[in-house]
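What follows is each chain in one-letter form.
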Amino acid sequence: GDSVTQMEGPVTLSEEAFLTINCTYTATGYPSLFWYVQYPGEGLQLLLKATKADDKGSNKGFEATYRKETTSFHLEKGSVQVSDSAVYFCALTDHRYNFNKFYFGSGTKLNVKP
Amino acid sequence: NAGVTQTPKFRILKIGQSMTLQCAQDMNHNYMYWYRQDPGMGLKLIYYSVGAGITDKGEVPNGYNVSRSTTEDFPLRLELAAPSQTSVYFCASRGQGTNEKLFFGSGTQLSVL
């Protein structure tokens, strides 16, 4: 079945460091891929998305490229800020077979130190 | 625009008690979802609904029930609460298109003691 695997955290970085959070997926159809972010005490909110192979999603300095050949959707940011401290979730929805359902990874907690 | 509203924010139950978690959205979304989030385990789908009167099981439906009598409301019922149901519960909704994003409520933290 469909699933998402992302790197375990927590990830601790200093301000202005480069960030990569790995995400790989398994899907039987044609998935759309998402990164959601959860700030402390809040619900998840969409950070970026990509709907087909080679698409790049971007928002607030974060980027992720839909790589069908490696079934990956890694999240990157060139220079993190303390305000980026949150939990990041990779997710997919499969248009062909299970488009009603969203599958989430286990989340990666990011701590950014001043 | 309120978005997705969940109540209560916190609740402590005794083993065997019952309760209903409320969820309402004001965006006229057809699709609504209930997830639970256990520490370090990500989100697991409990139940979902594709429209009023239509519900279906997700990955972890045991011990829960839902109903969808209106487009706006999607309550989650816990019968005979157990410690294994201690978790944070999130309600979410989305619009009709296949690429529509999920909108999440702020969550309900439930402890069963």
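Residues numbered from 1 in each chain as written. Chains lettered and ligands numbered in written order. Predicted model: local features only at pLDDT ≥ 70, side-chain atom pairs only at ≥ 80, totals over all residues. Heavy atoms only, no water.

Colleague: Looking at this model, I keep getting lost on the state of the cysteines. Mind explaining?
Modeller: Disulfide: a covalent bond connecting the sulfur atoms of a pair of cysteines. In total, this model carries two disulfides over all chains according to the counting rule given. Residue Cys23 of chain A pairs covalently with Cys90 of chain A via a disulfide, S to S 1.9 Å. Judged by the torsion about the S-S bond (-70 degrees), the Cys23 of chain A/Cys90 of chain A disulfide is left-handed. A residue pair is termed long-range when its members are at least 10 positions apart, and Cys23 of chain A in strand β4 (residues 23–26) and Cys90 of chain A in strand β10 (residues 86–94) qualify at 67 residues. Across the pair, Cys90 of chain A and Cys23 of chain A agree in class, each one buried. A sulfur-sulfur separation of 1.8 Å characterises the disulfide bridge that pairs Cys23 of chain B with Cys91 of chain B. Judged by the sign of its S-S torsion, about -70 degrees, the bond between Cys23 of chain B and Cys91 of chain B is left-handed. Of the two residues, Cys23 of chain B is situated in strand β3 (residues 19–25) and Cys91 of chain B in strand β9 (residues 87–94); the sequence distance between them amounts to 68 residues. We classify Cys23 of chain B as buried; its relative accessible area is 1%. (Disulfide = S-S within 2.5 Å. Helix = DSSP H or I, 4+ residues; strand = E, 2+ residues; numbered from the N terminus. Buried < 20%, exposed > 50% of the residue type's maximum accessible area, 1.4 Å probe, protein only.)

Colleague: Help me understand the environment of Gly105 of chain B in this model?
Modeller: As for its placement among the helices and strands, Gly105 of chain B is situated in the loop between β10 (103–104) and β11 (108–112). For the pair Gly105 of chain B and Gly95 of chain B, spaced ten residues apart in the sequence, the C-alpha separation amounts to 15 Å. Ignoring any residue separated from it by four or fewer positions in sequence, one finds Gly105 of chain B in contact with Gly43 of chain A together with Val4, Gln6, Phe90 and Cys91 of chain B. (Contact = heavy atoms within 4.5 Å.)

Colleague: Sorry if this is basic, but what is going on with the nonpolar core here?
Modeller: A general feature of soluble globular proteins is that nonpolar side chains tend to end up buried together. In terms of nonpolar packing, the biggest core is built from 27 residues, with Leu19, Trp35, Leu47, Leu48, Phe73, Leu75 and Tyr88 of chain A touching the most fellow members. In this structure Phe73 of chain A touches Cys23, Leu33, Phe34, Trp35, Leu48, Lys49, Ala50, Ala64, Thr65, Tyr66 and Cys90 of chain A, once residues within four positions along its chain are discounted. Judged by nonpolar contacts, the second largest core, of 19 residues, contains Leu13, Cys23, Tyr47 and Val112 of chain B. (Core = buried A, V, L, I, M, F, W, Y, C linked by side-chain atoms within 4.5 Å.)

Colleague: What's the story with the sheet that holds strand β8 (residues 76–78) of chain B in this structure? I'm lost.
Modeller: Strand pairing within a sheet occurs via backbone hydrogen bonds; the two strands may be parallel or antiparallel. Residue and element names in this part refer to chain B. Reading across from one edge, β1-β3-β8-β7 is the order of the four strands in this open sheet, with antiparallel pairing throughout. At either end of the open sheet lies a strand with only one pairing partner, and these are β1 (4–7) and β7 (64–66). Within this sheet the neighbouring strands show an average axis-to-axis angle of 20 degrees, counted without direction. Alignment of β3 against β8, held across three bridges, turns out to be antiparallel. Counted as the bridge partner of Leu21 is Leu76 from β8. (Pairing = 2+ DSSP bridges. Axes fitted to C-alpha atoms, helices over the stretch in contact; angles between N-to-C directions.)

Colleague: Hey, could you run me through the packing of aromatic side chains in this one?
Modeller: The relation between two aromatic rings is expressed through the spacing of the ring centres and the mutual angle of the planes. Per the counting criterion, the structure on display carries 14 aromatic pairs over all chains. Aromatic side chains Phe104 of chain A and Tyr35 of chain B sit 5.3 Å apart centroid to centroid with 85 degrees between the ring planes, which places their arrangement in the edge-to-face category. In this pair, Phe104 of chain A sits in strand β11 (residues 98–104) while Tyr35 of chain B sits in strand β4 (residues 31–38), so the two residues belong to two different chains. In this structure Phe104 of chain A comes out as buried when scored by relative accessible area, which is 10%. (Phe/Tyr/Trp six-rings, centres within 6.5 Å; stacked < 30°, edge-to-face > 60°.)

Colleague: Just checking my understanding: could you explain the pattern of salt bridges for this structure?
Modeller: Two side chains with opposite charge may pair up if their charged atoms get near one another. Counted under the stated rule, the structure contains five salt bridges over all chains. Between Lys77 of chain A and Asp84 of chain A there is a salt bridge; the shortest N-O distance is 2.7 Å. Residue classification places Lys77 of chain A among the buried positions, given a relative accessible area of 9%. Classification of Asp84 of chain A by relative accessible area gives buried; the value is 7%. Notably, a salt bridge pairs Arg36 of chain B with Asp38 of chain B, separated by 3.0 Å at the nearest N-O pair. Since its relative accessible area comes to 10%, Arg36 of chain B is described here as buried. (Salt bridge = Lys/Arg side-chain N within 4 Å of Asp/Glu carboxyl O.)

Colleague: What is the right way to read the sheet that holds strand β3 (residues 19–21) of chain A from this model?
Modeller: Residue and element names in this part refer to chain A. An order of β3-β9-β8-β7 is seen for the four strands of this open sheet, with the pairing classed as antiparallel. Each having just a single partner strand, β3 and β7 (56–59) make up the two edges of the open sheet. Taking the axes of each pair of neighbouring strands and ignoring which way they run, one obtains an average angle of 15 degrees across the sheet. The pairing of β3 with strand β9 (residues 75–77) spans three bridges and is antiparallel. Each residue of the ladder has a partner; that of Ile21, found in β9, is Leu75.

Such coordinate-based values are descriptive only and should not be taken to indicate function.
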